[in-house]
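# Observations on the model geometry
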Amino acid sequence: MAMTSHVLEHQDFSAFLRDGEDGRPSIDLLVKGARCTACLSKIEREISAMPTVTSARLNLTTGKLSVAFERGRDDAGAVLERLEGLGYPATPFDPAKAMAAHDAEGRRLSMALGVAAFGAGNAMMFSVPIWAGLFGQELGPATRTLMQWMSAVIAAPCAVYAGMPFFTSAWRSLRKRRANMDVPISIGVILTLVISFVETVLGGADTYFDAAISLLFLLLIGRWLDHQLRASARSAAGDLLAMQASAAVVVGEGGVEHRTPLDDIRAGDLLLVRPGERIPVDGVVEGGASDLDNALLTGETAPVRVGTNDICRAGALNLTGTMRLRATARSEDSAVAAIARLVEAGAQSRSLYVRLADKAAALYVPVVHSAAMITFLGGLALGLGPREALLRAVAVLIITCPCALGLAVPAVQITASARLFRRGVLVKSGAALERLAEVDHVVFDKTGVLTEGRPRLLDPVPAAIAMAAPLARASAHPLSKALSAQTGVSSLAEDVVETPGQGVEGWIGGRHARLGRAAFVGVPGAAPSETELWFGFDGDTKIRFAFADAIRPDAVETIAALRKRGLTIEILSGDLAAPVAKAAQALGIETWRAGLTPAEKSEAVAARGREGRRVLMVGDGLNDAPALANAHAAMAPGSALDASQNAADLVFSGEGLEAVVAALDVARSARRRALENFAFAALYNLIAAPAAMFGFINPLVAALAMSGSSLTVTLNALRTGVKARR
Amino acid sequence: MSILIFLATVSILLALTGLAAFWWTVRSGQYDDPLGDASRILLEDPVDRPLD
């Protein structure tokens, strides 16, 4: 964000300060670009050396810098200024969001995992002698009972603590009258512990303390991996959100500029919007003029000129001039809010999606529990004692325990998302991968997705470009930028004056020149156009530069690759019909619609869904957000607006569209691996369950079978996406 | 027999020490910034007085 220097210093950041532990005010800043040891040392050294700062600590993993100030001398503006000067632009972090980011659940899971590891390891110490005793080694009943008690004393408390995440989740699910995977896990673990205690007291041979705790250990690994995946995606997504807007500059009495969170802006506030910033809320221009880029808002490619008394919509990008804006609506009442409501509706329908593991659990729970019940009743009917029948039923529960199932999906998904992350694709949740694997129809937005979303010069003539470049480089207008992007190093024009919405003028080599609209440059009779620039020295011939939104270089290949994978393709755009038709023709896409409102886009996607198609939506604009939320799966480029990134399941960075194909391949591979894992778990249970029913299972076999199946499932998961990577 | 009980107790106490240490590392936030901690160890502390 192009924030000019000496601006931040005079702003008031008190809305972002919070009181630290010792009463000193502190602020959390999100620092962009700090990724290495040198950055860390430079930032901490420079910031803590500032006179009002008492401490500065940077978390390199999350990119957050905590700065504490001396009491009553908070000076966040100066810190931001300093960071900007060091080359690390920073944004203040909303204190509420900062607190929410504190990962309490992750710590709880880490501890449970540690306790389970301790319990499993040490209970095993006593299990090995017991197993040896099974083969007729010298282990008297007294020693065996001692070993069992030792095992119980260690495993039981550990299992109760480490099992809590499963018990609470199972309880929550049961209260909603549903059964998730945690229900059989909890029943299995609790029943195993109780029966093993009873057996120990009665002096029996079959105790499964070690099985219960090592089961929890393996399951917690899966749970921890799953949490890690979601936490890293959440923090990356949260960073993107915090980076974009979330604060605006309100001009208070006496011209003091307050940096204010968006939620605190009221109608009637006077706002200052600089070039490069987004319009924070709907408003009317009171002073200044500029060009607005609505590309992310409506899909229109051409910038719109605004001046005094014009209405600006929240989300538009201010390109050229500084404007004073009178807010006409609060953030949640702005034009964006209607779109946000559509997004919410889509997100709700998506939350009804049943994940693979839960589908498996729905099948698994009744089968296993009736098998255990049949074992118990059958055992009684066949004349076994109640104790022996109960032991066999418990053996069925333990041996069929969903260890492999609990590990099957998270292990695959963590591998898949790590592979995708290396290719610049951020996966927001495991469910997203499952949905992506199922899609059979792809809907693309045009502007910024299939095309580059910014103008590119048509038919470049090097001599003409070289002449205009010194003026073009002095302007931030997208057309000027597109022009200067065509040249290498060139001189800068002198005494440049930019007239917002018109053009720039200045002196090149002692001659006065103008670059801009036809009327501004002095071409009589030319129609005003948003896709051309004119350039000329005073009294000389004028040169015309025409621009168009270029198609991404790998778009054609991507479309072909998607077709090869059996997907159908469609364009839904908010832009005018002519540019959409041109892009569709260039890419060979027959189905396209233009001039759609956000609601129409979203409805078109939903209609496909009702036809039974599973739609992948790829879009970047705010106008795409409802469609993204309504689609079966959704991807957004990293350049998209926050609302769109929020509505999407996957966010890809970098220039290439090929990320869409890569993500699809990895998602499909992940689905195959997960299904293989389920098939393996089913096969294993088909062999193990009857064995348990007929009493062939002892504690040693149970331990071997369980760890063996978990290992197989995990190794299979590592194969995910290997082919796609090549 | 009694040596068994003694050895088992000792080994469990040792393991409990390990568990307590792990507990402490989690509680004191030592897993909150793995990247930063890996970098910090490479930084030289600023020496503000001459070495004796």
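Residue numbering note: each chain is counted from 1, following its sequence as written. Chain A is the first chain written and ligand 1 is the first ligand written, with later ones labelled in order. Totals for whole chains, interfaces and linings use all residues, but because this is a predicted model, local features are given only for residues with pLDDT of at least 70 and pairs of side-chain atoms are given and counted only at 80 or more. Excluded from the side-chain calculations are hydrogens and water; all other atoms, namely the structure's heavy atoms, are used.

## A look at the overall build of chain A
Condition: A helix here means a DSSP run of H or I that spans at least four residues, while a strand means a run of E at least two residues long, and both kinds are numbered starting from the N terminus. In this scheme, a residue with accessible area under 20% of its type's maximum is buried, one over 50% is exposed, and one in between is partly exposed, where area comes from a 1.4 Å probe on protein chains only. Contacts are assigned to residue pairs with any non-hydrogen atoms lying within 4.5 Å of each other. Note on areas: these come from Shrake-Rupley sampling with a 1.4 Å probe, and a residue is covered only by the protein chains present in the view.
Looking only at helices and strands, chain A features 25 helices and 28 strands. Counting all 726 residues of chain A, 53% fall into the buried class. Long-range pairs, those at least 24 residues apart, make up 67% of the contacts in chain A with a sequence separation of at least 6. When the accessible surface of chain A is summed, it comes to about 31,100 Å², and 59% of that surface belongs to carbon and sulfur atoms.

## Regarding the overall build of chain B
Along the backbone of chain B there are two helices and zero strands. Looking at chain B as a whole, 19% of its 52 residues are labelled buried. If you sum the accessible surface of chain B, you get close to 4,300 Å²; carbon and sulfur atoms cover 69% of it.

## Description of the pairing of strand β9 (residues 270-273) of chain A
Two faces make up the sheet, and in a regular strand the side chains alternate between them. Residues and elements named next belong to chain A. Threshold: A pair of strands is considered paired only if DSSP assigns at least 2 bridges between the two.
What you see with β9 is no split at all: L270 and L272 on one side and L271 and V273 on the other are buried throughout. Relative to strand β15 (residues 323-327), β9 is paired through four bridges, and the arrangement is antiparallel. Among the inter-strand pairings, L270 is bridged to a residue of β15, identified as R326.

## Regarding the interface of chain B and chain A
To keep it simple, the criterion reads: As used here, buried area is the combined drop in accessible area, with a 1.4 Å probe, of two parts when they are placed together. Only one rule defines a salt bridge in this text: a Lys or Arg side-chain nitrogen within 4 Å of an Asp or Glu carboxyl oxygen. Here a polar contact is recorded for every N or O atom pair within 3.5 Å, except that within protein the pair must consist of a potential hydrogen donor and a potential acceptor, and residues adjacent in sequence are included only if both atoms are side-chain atoms. For this classification, Asp, Glu, Lys and Arg are treated as charged, while Ala, Val, Leu, Ile, Met, Phe, Trp, Tyr, Cys and Pro are nonpolar and the rest, including Gly, are polar.
On the side of chain A, 24 residues touch chain B, which itself brings 24 residues to the contact. When the two sides are added together, the surface that chain B and chain A hide from each other amounts to roughly 2,100 Å², 72% of it contributed by carbon and sulfur. Inspection of the region where chain B meets chain A yields one salt bridge. Among the salt bridges present, the one from E44 of chain A reaches R40 of chain B, with a minimum N-O distance of 2.9 Å. Across the contact surface, chain B and chain A share four residue pairs in polar contact (both at pLDDT 80 or more). Listed by contribution, the elements that provide at least two residues to the side of chain B that touches chain A are α1 (2-27) and α2 (34-40) of chain B. Among the elements that take part in the side of chain B that touches chain A, α1 of chain B stands out by supplying 12 residues, more than any other. Residue composition of the side of chain B that touches chain A, grouped by class: 15 nonpolar, four polar and five charged.

## Considerations on helix α20 (residues 598-610) of chain A
Residues and elements named next belong to chain A. Rules: For a helix, the expected span equals 1.5 Å multiplied by the number of residues minus one.
For α20, built from 13 residues, the straight-helix expectation of 18 Å at 1.5 Å per residue is met to within 8% by its first-to-last C-alpha distance of 18 Å. Buried residues of α20: K601, S602, A604, V605, A606 and R608, and no others. As for α20, its buried residues are in contact with β17 (441-444), β24 (568-572), β25 (592-593), β26 (615-618) and α21 (625-630).

## So, the nonpolar core
Counted only if it meets this: By nonpolar core is meant a set of buried Ala, Val, Leu, Ile, Met, Phe, Trp, Tyr and Cys residues that side-chain atoms within 4.5 Å join together.
Judged by nonpolar contacts, the single largest core of 66 residues is most densely connected at F126, V189, Y208, I213, L220, I399 and F678 of chain A. Here F678 of chain A is in contact with L356, A357, A360, L405, A408 and V409 of chain A, once residues within four sequence places are set aside.

## Some remarks on the sheet that holds strand β12 (residues 304-306) of chain A
Residue and element names in this part refer to chain A. Strand order in the open sheet formed by three strands is β12-β11-β14, and the pairing between neighbours is antiparallel. What marks the edges here is a single partner per strand, and that holds for β12 and β14 (317-318). Strand direction decides the pairing type here: strand β11 (residues 290-293) and β12, joined by three bridges, are antiparallel. Bridged to L292 within β12 is V304.

## Side note on unusual backbone geometry
All names here are of chain A. Even without being a glycine, N309 presents a positive backbone phi close to 75°. Residue placement: N309 occurs in the loop between β12 and β13 (311-312). The exposure class of N309 is exposed, given its relative accessible area of 60%.

## Thoughts on the sheet that holds strand β19 (residues 494-499) of chain A
Residues and elements named next belong to chain A. For clarity, the threshold we go by: Inter-axis angles, ranging from 0 to 180 degrees, are taken between N-to-C directions of lines fitted to C-alpha atoms, where helices are fitted over the stretch in contact.
Ordered in space as β18-β23-β22-β21-β20-β19, the six strands form an open sheet in which the pairing is antiparallel. Both outer strands of the open sheet, β18 (451-457) and β19, are each paired with one neighbouring strand and no more. Shown here is a sheet whose adjacent strand axes are inclined to one another by a mean of 20°, direction ignored. Bridge analysis of strand β20 (residues 503-508) against strand β21 (residues 511-516) gives six bridges, and the strand direction is antiparallel. Across the sheet, the residue bridging to V504 is L515, located in β21.

## Quick look at the side chain of D282 of chain A
Locating D282 of chain A in the fold gives a position in the loop between β9 and β10 (283-287). Looking at D282 of chain A, its side chain comes within polar contact range of the side chain of R313 of chain A, at 3.2 Å.

## Here's the deal with the packing of helix α5 (residues 141-175) of chain A against α1 of chain B
Note the threshold: By the definition adopted for this analysis, an angle is roughly parallel if under 35 degrees, roughly antiparallel if over 145, roughly perpendicular if from 65 to 115, and oblique otherwise.
Interhelical geometry of α5 of chain A versus α1 of chain B gives an angle of 10° and a closest axis separation of 12 Å. Relative to α1 of chain B, the element α5 of chain A lies roughly parallel. On α1 of chain B, the residues touching T143, L146, M147, M150, I154 and Y161 of chain A of α5 of chain A are L4, I5, A8, I12 and W23 of chain B. Looking at the contact of α5 of chain A with α1 of chain B residue by residue, the class counts come to 10 nonpolar, one polar and no charged.

## With respect to the pattern of salt bridges
All names here are of chain A. Evaluated as defined, the whole model comprises 24 salt bridges over all chains. Taking the shortest distance from any N to any O, the salt bridge between D440 and R613 comes out at 3.7 Å. Of this pair, D440 sits in the loop between α13 (430-436) and β17 while R613 sits in the loop between α20 and β26, and the two are 173 residues apart along the sequence. On the accessibility criterion, R613 (25% relative accessible area) is partly exposed. Among the ionic pairs, D575 bridges to K446, the shortest N-O distance being 3.3 Å. You can see D575 sitting in the loop between β24 and α19 (577-587) and its partner K446 sitting in helix α14 (residues 446-450), a full 129 residues away along the chain. When its relative accessible area of 2% is taken as the criterion, D575 is described as buried. Overall, K446 belongs to the buried group, its relative accessible area being 2%. Through salt bridges with shared partners, a single network forms among E438, R614 and R671.

## Focus on the confidence of the model for chain A
Detailed conclusions should not be drawn from predicted coordinates in areas where pLDDT is low. Residue and element names in this part refer to chain A. Put simply, the rule is: The pLDDT value expresses, per residue, how confident the predictor is, ranging between 0 and 100.
The share of residues in chain A with pLDDT of 70 or more is 86%, and the mean pLDDT across the chain is 80. Contacts from residues 1-6, a stretch scored under 50 in pLDDT, to residues over four places away or in other chains number 11 contacts. Within the model, the stretch residues 240-244 combines pLDDT values under 50 with 13 contacts to residues more than four positions away or in other chains.

## Side note on the packing of aromatic side chains
All names here are of chain A. This is how it is decided: Pairing of aromatic rings covers Phe, Tyr and Trp, the last through its six-membered ring, and needs centres within 6.5 Å; plane angles under 30 degrees mean stacked, over 60 mean edge-to-face, and all others mean tilted.
Applying the stated criterion to the full structure yields five aromatic pairs over all chains. Ring centres 6.2 Å apart and planes at 55° place the aromatic pair W149 and F197 in the tilted group. Taken together, the residues span a long stretch of sequence, with W149 in helix α5 and F197 in helix α6 (residues 182-202) at a distance of 48 residues. For W149, a relative accessible area of 37% puts it in the partly exposed group.

## Quick notes on the environment of D19 of chain A
All names here are of chain A. With respect to the secondary-structure elements, D19 resides in strand β2 (residues 18-19). D19 gets classed as exposed once you look at its relative accessible area, which sits at 62%. Once the C-alpha coordinates of D19 and F69 are considered, the two residues, 50 residues apart in sequence, prove to be 9.9 Å apart. The residues touching D19, leaving out its near neighbours within four places in the chain, are R24 and P25.

## Examining the side chain of N685 of chain A
Locating N685 of chain A in the fold gives a position in helix α23 (residues 658-693). Sequence-distant contacts of N685 of chain A, defined by excluding residues within four places in its chain, comprise Y364, I399, T400 and P690 of chain A.

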